[in-house]
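Reading the structure
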Amino acid sequence: MQGALRGREAAFRRARCRLRGGAASRARARLLHAHRLRGAGRGARGPERHRRRRSVRRALRDAGRPADAWARLCAGLRAHAARAESRWRGARGRRGRGRVRRGRRRERARRRLRAGYGASGRGRGCRARPPRAESQGAAQARRQARRPRRRHRRPRRAGLGRSDGARHAHEGRTTGRARGRACARRGAHRLGRQLMFDARYSIRTHVAGALRAADAGVEVTLAGWVHRRRDHGGLIFVDLRDRSGLVQCVFDPEDSKAAFVVAESVRPEWVVKLSGVVRKRPPGTENPGLATGEVEVLVTEAEVLNRSETPPFEVESAIATDETLRLKYRYIDMRRPEVLDALALRDRITQRFRKSLEHRGFIEVETPMLGRSTPEGARDFIVPSRLNPGKFYALPQSPQLYKQLLMVGGLERYYQIARCFRDEDLRADRQPEFTQVDIEMSFVTQDDLLAMMEEVMREVLREASVDLPIPLPRLTYAEAMDRFGSDRPDLRFGMELVDLSDVFAGTEFKVFASALASGGVVKAICAKGAGDWSRGRIDALAPVAAEAGAKGLAWIAFSSEGEVRSPIAKFLREEEMAAVRERLAVEPGDLVLFAADARMTANEVLGALRTHLAGELDLAKEGFACLWVVDFPLFKWDTEEDKWSANHHPFTRPFDEHLDLIESDPASVLSYSYDLVINGIEVGGGTLRIHDADLQRRVLKVLGIAEDEAREQFGFLLDALTYGAPPHGGIALGLDRLVMLLAHKHSIRDVIAFPKTSSGACPLTGAPGPVSARQLREVHLRPE
RNA sequence: GGGGUGUUAGCUCAGUUGGUUAGAGCGCUGGCCUGUCAAGCCAGAGGUCGCGGGUUCGAGUCCCGUACAUCCCGCCA
């Protein structure tokens, strides 16, 4: 309960922050206004309506602002913020309680909160003053972002922090003031370590975002988009925006009447070329919120290069816009620093992978997009062959088979930034096409490969100013499941699973006793700070547990006042309670949750609860907890098809010491396999491969793939393995997911230039679309 | 394939128990305005309440269907 209150408090403060402070007073007045005016013009039309509203406005102005109106407004905001907050925390468990309405509105509000805007509206206050009640982690991240960096070593990654959005919009995507100043002297601007973005090879002499006080007196020509125009009648300010940032341009009719006339006509997003002189702004008019805030350009020549329709949303406020609309007009959306930064970060990460791998002797090889469909794994996207009636290509789910063939071919070290396709249902972190950093090596042990990858990852993450300590921790699959109930545990918080089977060995509590009697376990987790939750909130955890396979959910709540609530406590002996307290290090205010079931089920139930509670309790979400999960079982039992299936893929190499068990005890065969996990998200995975044709046949046989079937589907690989295949192994990293994590995004759509919606459609191009009957005929398909 | 949530002006959203001609902020258009920086002030335009049925004297509001979006399960490494 305390956690919930704290969350609401914080949300409310975030919402309210925009209503505070000098710069916010007008926003506050305006909101108040809106609130009071509601209905003032109701029933009237046209001039009459406006007359009525005018009179209300006047009355308001005269009467001041009644306190109760302000209170009502605050109450409304608080409710709104609380709803947004509860939605944000994934309050799915409380579904149906009260009349809390959730949905798109709160989804948007949540996005705004994250972006540092107010709970509604566009948070004028936040521009001048960042949200006060931000999470500790966010504050820390911000401090780090502000910490001066070593010059010329590392670009500042503005816009990656959660609360950077608003501030960043004005700073432009400069990469550190120190560098900016240095580069400005030669009219250059650097975006990222290796990428020089400046005015060379263009119709301009400088880029907008790089101008500094040192440039005063320099004649410049700029080109870009009109970000905003402030027309004072006798003086016009235009913020000119290009990829590098913003600079204020001044049009004074006394300096150039012609330019002034142009400025009068321009509108947001028009494309212009401006020439003029850089000068220091008059004292008192500097804008410290802008990287170029010390200077302005006095424009003497202005040319409109292109006009623009009124954009469907404002470039600056797109964060608060429906994502489908943003995707439809992605070319406008990506003018925002937030999108641009994500793409630029992605580029840096990609380049760093290339460089790091190249330095280690890897050769980048392109593999075919038009391949052959195989029944294993995900559903293929298929492409009909015009030249081969009735036959189809398949787009690659991954270059898996090709890269093994490259190893047989003696490439020894291969990599590829490879596009992969899977025709499966989509998620926030799944797109029908996505990018893998695909790697394969010959003559390596698992340790060789992991060590190499750790070094590469360290270099890559450094590109995002993340210091990755290596070697990374390694957990076996068994240990990960046992301690965290997940094969991709989030190690940013504890809440480990504790086995209490021995404690309850002789218990009289039937549920526990029967679970133990049938060979199961009793395990528990301790949720710090949930001990004061209401009965209803605790009960809302039951569906979470049930979804993971639990038959019920036993719990004991220890309130802050030392009170014990529990539906099961009365069945437990005193010494059992004492043992629970001791083993789980229970303190007042904790909630202990039990799972009594088969070991795997109990693990999964508590794992699901652990993840869910971490969200509810808002446990530490900062930093990058990176680890290897290794030694996965080779097979898993497919209950639907009633057969063994490959845990990873059919080419995974079993432990040498388990080769004898393949046929006799498939379940206990472990494999040389590894997943790279960051913050509870699987970022990559790989295995050592089978390089022996006989062994490969044995594994395929266990998988129920008959000899002739195997020939038909993988014959080429089986053949290849007979011609001197070296021992080899590799890994594939989900580039989209990795960049998503490093950019602090919540969907890979945010780090893809032109992503698809959850139904696989592209709102921008309209893909997938129909094709003509003739096209169908040509590929030998009949329309339905 | 299943479940949750949503769809009201260009954008973000209100819209009370079903009740007269559906509102706000921003944006847009026009006017005024020489130091703004989300400029300000004044005026104005802008709506098939996603779509199709139904209940009702009366539906933005209730019911059914459907499309789309989004999150989750299944699926997918």
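What you see is a predicted model; the values in this text were computed from it and never measured.

Criteria and thresholds
- Residues numbered from 1 in each chain as written.
- Chains lettered and ligands numbered in written order.
- Predicted model: local features only at pLDDT ≥ 70, side-chain atom pairs only at ≥ 80, totals over all residues.
- Heavy atoms only, no water.
- Pairing = 2+ DSSP bridges.
- Helix = DSSP H or I, 4+ residues; strand = E, 2+ residues; numbered from the N terminus.
- Contact = heavy atoms within 4.5 Å.
- Axes fitted to C-alpha atoms, helices over the stretch in contact; angles between N-to-C directions.
- Core = buried A, V, L, I, M, F, W, Y, C linked by side-chain atoms within 4.5 Å.
- Buried < 20%, exposed > 50% of the residue type's maximum accessible area, 1.4 Å probe, protein only.
- Parallel < 35°, antiparallel > 145°, perpendicular 65-115°, else oblique.
- Left-handed = near helix turned anticlockwise from the far one by under 90°.
- Nonpolar A, V, L, I, M, F, W, Y, C, P; charged D, E, K, R; others polar.
- pLDDT = per-residue confidence, 0-100.
- Salt bridge = Lys/Arg side-chain N within 4 Å of Asp/Glu carboxyl O.

**Observations regarding the sheet that holds strand β17 (residues 626-630)**
As summarised here, the arrangement of the eight strands in space is β6-β9-β10-β22-β21-β20-β17-β11, forming an open sheet in which the pairing is mixed. At either margin of the open sheet sits one strand with a lone partner, and together these are β6 (363-364) and β11 (474-476). Of the pairings in the sheet, the one linking strand β21 (residues 681-688) to strand β22 (residues 728-734) comprises five bridges and is antiparallel in character. Looking at β22, one finds that T687 is bridged to G730. Most of the contacts of helix α25 (residues 735-742) go to β21, to which it runs at about 140 degrees, and overall it touches β9 (413-421), β10 (433-442), β20 (673-678), β21 and β22.

**Brief notes about the nonpolar core**
By size, the foremost hydrophobic cluster in this structure holds 46 residues, and its most contacted members are F353 and L738. Looking at this core element by element, the count peaks at eight residues for helix α15 (residues 446-462). What L738 contacts, discounting residues up to four positions off in sequence, is I349, F353, M457, V460, L461, I678 and V683.

**Considering the packing of helix α13 (residues 337-359) against α15**
In contact at an axis separation of 9 Å, α13 and α15 are set at 140 degrees when each is read in the N-to-C sense. By the angle between their axes, α13 is oblique relative to α15. Between α13 and α15 lies a crossing of right-handed hand. Together, I349, R352, F353, S356 and L357 of α13 and M452, V456, M457, E459 and V460 of α15 make up the contact between the two elements. Residues that form the contact of α13 with α15 fall into these classes: seven nonpolar, one polar and two charged.

**Details of the confidence of the model for chain A**
Detailed reading of the predicted model is not advised wherever pLDDT is low. Summary statistics for chain A give a mean pLDDT of 78 and a share of 74% for residues scoring 70 or more. Confidence drops under a pLDDT of 50 for residues 1-195, and excluding neighbours within four residues, the segment shows 287 contacts in the predicted structure. Scored as a whole, the predicted complex attains pTM 0.79, and scored at its interfaces, ipTM 0.93.

**What to know about the pattern of salt bridges**
By the definition in use, this model includes 51 salt bridges. The residue E459 makes a salt bridge to R360 at a minimum N-O spacing of 2.7 Å. Placement of the pair is E459 in helix α15 and R360 in the loop between α13 and β6, with a sequence separation of 99 residues. The partner of R379 in a salt bridge is E424, and the shortest N-O contact between them spans 3.5 Å. One end of the pair, R379, is in the loop between β6 and β7 (382-384); the other, E424, is in the loop between β9 and β10, with 45 residues separating them in the sequence. Look at E424 and you get partly exposed, because its relative accessible area is 32%.

**What about the pairing of strand β1 (residues 219-231)?**
Of the strand pairs in this sheet, β1 and strand β4 (residues 271-280) are connected by seven bridges, and their pairing is antiparallel. For A223, the partnering residue across the bridge sits in β4 and is K273. Between β1 and strand β2 (residues 236-242), which pair antiparallel and follow one another directly, the connecting turn spans four residues, one of which, G233, has a positive phi of 85 degrees.

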